[in-house]
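Spelled out from the first residue to the last, the chains are:
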Amino acid sequence: RAVAMSVSHSSRLNKLVREQYMRLPQDGSVQVTYVWIDGSGEGVRCKSRTLDKEPKSIEDVPEWNFDGSSTAQAEGSNSDMFLVPVCMFRDPFCLDPNKLVLCEVLKYNRKPAETNLRHTCKKVMDLVKDSHPWFGMEQEYTLLGINGHPYGWPDNGFPGPQGPYYCGVGADKVYGRDIVESHYKACLYAGVKICGTNAEVMPSQWEFQVGPCEGIEMGDHLWMARFILHRVCEDFGVVATLDPKPMTGNWNGAGCHTNYSTEEMRREGGLKHIEAAIEKLSKRHDYHICVYDPRGGRDNSRRLTGHHETSNIFEFSAGVANRGASIRIPRQVGQDGYGYFEDRRPAANCDPYAVTEAIMRTTVLNETGVETKDYTEH
């Protein structure tokens, strides 16, 4: 008897019928899908409109608006929010010449919405641009059935213990590779700087990597990669969760390890600059934990236990090739004497704008303590 997998109803609609319509010509019109971060700081929303010609740059995409009372971003009595286009990608779902456009959200008074963390990140990145900060973020996620149970896990009980699943091959070791490969291809088509993917330690858990990206580009590309992941999963009828600890017990959590370097770290002798940056981070551990998940560290407290390849949330640590440390210096970097380091603390559901901004504030702008400096227009 075939086991009925827990997938959504809409994924069972006839996709060949859909293809018939998708092949119809557009006669010069272009569909632009506006994408933004909602009031949860984790969810993405989208809506589409028609432009009469293909936008060649982000300046060609007009501002728009939406009902913020329906996204936990405004009250019903004053609900219009502005969508300000900031980054444009090709649309892998509706294909050329259609576009996906990432937007910042502004309130009625044109001040940034509470979950618009890009706004201050951009100011900070502009301030530190001469140090040419490069980032690469490793986005872990878990595939769930529509019932909230990990995709492919037995209905009653658990799969075998962790061990054979990481970078695994075979139907008894990996679940959902079709989704992973479709997401990868869609990101490449869109122009997202995706640079790799692999199956993770817990079965039905995966990871993709985005980077290297300089400055504000890191957050833009990771958020669009997340949007594309959720859209691909929608087509397959499953859910991707970025929860940092989707399964309690003896299972790995999900992080968003952040690799980072400045130009001086990447040059000969850069290791001393890496060590200086780690020293600054060690004195500001509480501040970073606070911004490395959307709930001020509460989500990460379930994950950063000191077990399952994590550091303890209450302690700062650093080491070469140590996956149980807060900061890992790759072995090759230790041998070469220059390169980058990895901050292993950010949770899978972190906001990449918040993470990259915090790293720059501490390591380049030399901020200390839990308060942040307000860099008004420079």
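- The protein chain is annotated in an unreviewed UniProt entry as Glutamine synthetase of Loxia leucoptera.
- Under Subcellular location (unreviewed entry), UniProt gives the following word-for-word description of the protein chain: "Cytoplasm".
- Its UniProt record gives the protein chain the following Catalytic activity (unreviewed entry) comment, quoted word for word: "L-glutamate + NH4(+) + ATP = L-glutamine + ADP + phosphate + H(+)".

1. A closer look at the overall build of the protein chain
Argument step 1. Looking only at helices and strands, one finds ten helices and 13 strands in the protein chain.
Argument step 2. On C-alpha atoms alone, the protein chain measures out to a radius of gyration of 21 Å, which is about the 21 Å that the 2.2 N^0.38 rule sets for 378 residues.
Argument step 3. In the protein chain, the proportion of contacts linking residues at least 24 apart, taken out of those at least 6 apart, comes to 67%.
Argument step 4. Surface exposure of the protein chain reaches about 17,800 Å², of which carbon and sulfur atoms provide 51%.
Argument step 5. Mean positive and mean negative side-chain charge positions of the protein chain (43 and 51 charges, respectively) differ by 1 Å.

2. What about the side chain of Asp 299?
Argument step 1. Within the element layout of this structure, Asp 299 appears in helix 8 (residues 298-303).
Argument step 2. The residues contacting Asp 299, other than those within four sequence positions of it, are Pro 244, Asp 293, Pro 294 and Asn 349.

3. Some thoughts on the side chain of Asn 198
Argument step 1. On the secondary structure map, Asn 198 appears in strand 7 (residues 194-199).
Argument step 2. There is a polar contact of 3.0 Å between the side chain of Asn 198 and the side chain of Gln 209.
Argument step 3. Ignoring any residue separated from it by four or fewer positions in sequence, one finds Asn 198 in contact with Tyr 166, Cys 167, Trp 206, Glu 207 and Gln 209.

4. Section: the domain arrangement of the protein chain
Argument step 1. Per the domain assignment, the segments of the protein chain are domain 1 (9-115) and domain 2 (125-364).
Argument step 2. Distance between the C-alpha centres of domain 1 and domain 2: 26 Å.
Argument step 3. Taken together, the 21 residues of domain 1 in the interface contact 23 residues of domain 2.
Argument step 4. Summed over both partners, the interface of domain 1 with domain 2 buries about 1,900 Å², with 69% contributed by carbon and sulfur atoms.
Argument step 5. On the domain 1 side of the interface with domain 2, the three residues burying the most area are Glu 42, Phe 89 and Phe 93, jointly 33% of the side's total.
Argument step 6. For the interface between domain 1 and domain 2, the tally reads one salt bridge.
Argument step 7. Of the charged contacts, one joins Arg 295 and Glu 42 as a salt bridge, the two residues approaching to 2.8 Å between their closest N and O atoms.
Argument step 8. For the interface between domain 1 and domain 2, the tally reads five residue pairs in polar contact (both at pLDDT 80 or more).
Argument step 9. Among the elements of the structure, helix 1 (15-22), strand 1 (30-37), strand 2 (44-51), strand 4 (80-90) and strand 5 (99-106) are those that each provide at least two residues to the side of domain 1 that touches domain 2.

5. Here we look at the pattern of salt bridges
Argument step 1. This structure, assessed with the given rule, holds 25 salt bridges.
Argument step 2. Across the pair Asp 126 and Lys 122 runs a salt bridge, and its minimum N-O distance is 3.1 Å. Of this pair, Asp 126 and Lys 122 both sit in helix 2 (residues 118-127), separated by four residues, roughly a single helical turn.
Argument step 3. In this structure Asp 126 comes out as partly exposed when scored by relative accessible area, which is 38%.
Argument step 4. Here Lys 122 falls in the partly exposed class, since its relative accessible area comes to 31%.

Conventions we followed
Residues numbered from 1 in each chain as written. Predicted model: local features only at pLDDT ≥ 70, side-chain atom pairs only at ≥ 80, totals over all residues. Heavy atoms only, no water. UniProt positions renumbered as here; feature names shortened; annotations may be inferred. Helix = DSSP H or I, 4+ residues; strand = E, 2+ residues; numbered from the N terminus. Rg over C-alpha atoms; globule rule 2.2 N^0.38 Å. Contact = heavy atoms within 4.5 Å. Areas by Shrake-Rupley, 256 points an atom, 1.4 Å probe, with all protein chains shown as cover. Lys, Arg positive; Asp, Glu negative; His and termini not counted. Charge placed at Lys NZ, Arg CZ, Asp CG, Glu CD. Polar contact = N/O pair within 3.5 Å; in protein donor to acceptor, adjacent residues only side chain to side chain. Domains from an automatic or database assignment. Buried area = accessible area lost by both parts, 1.4 Å probe. Salt bridge = Lys/Arg side-chain N within 4 Å of Asp/Glu carboxyl O. Buried < 20%, exposed > 50% of the residue type's maximum accessible area, 1.4 Å probe, protein only.

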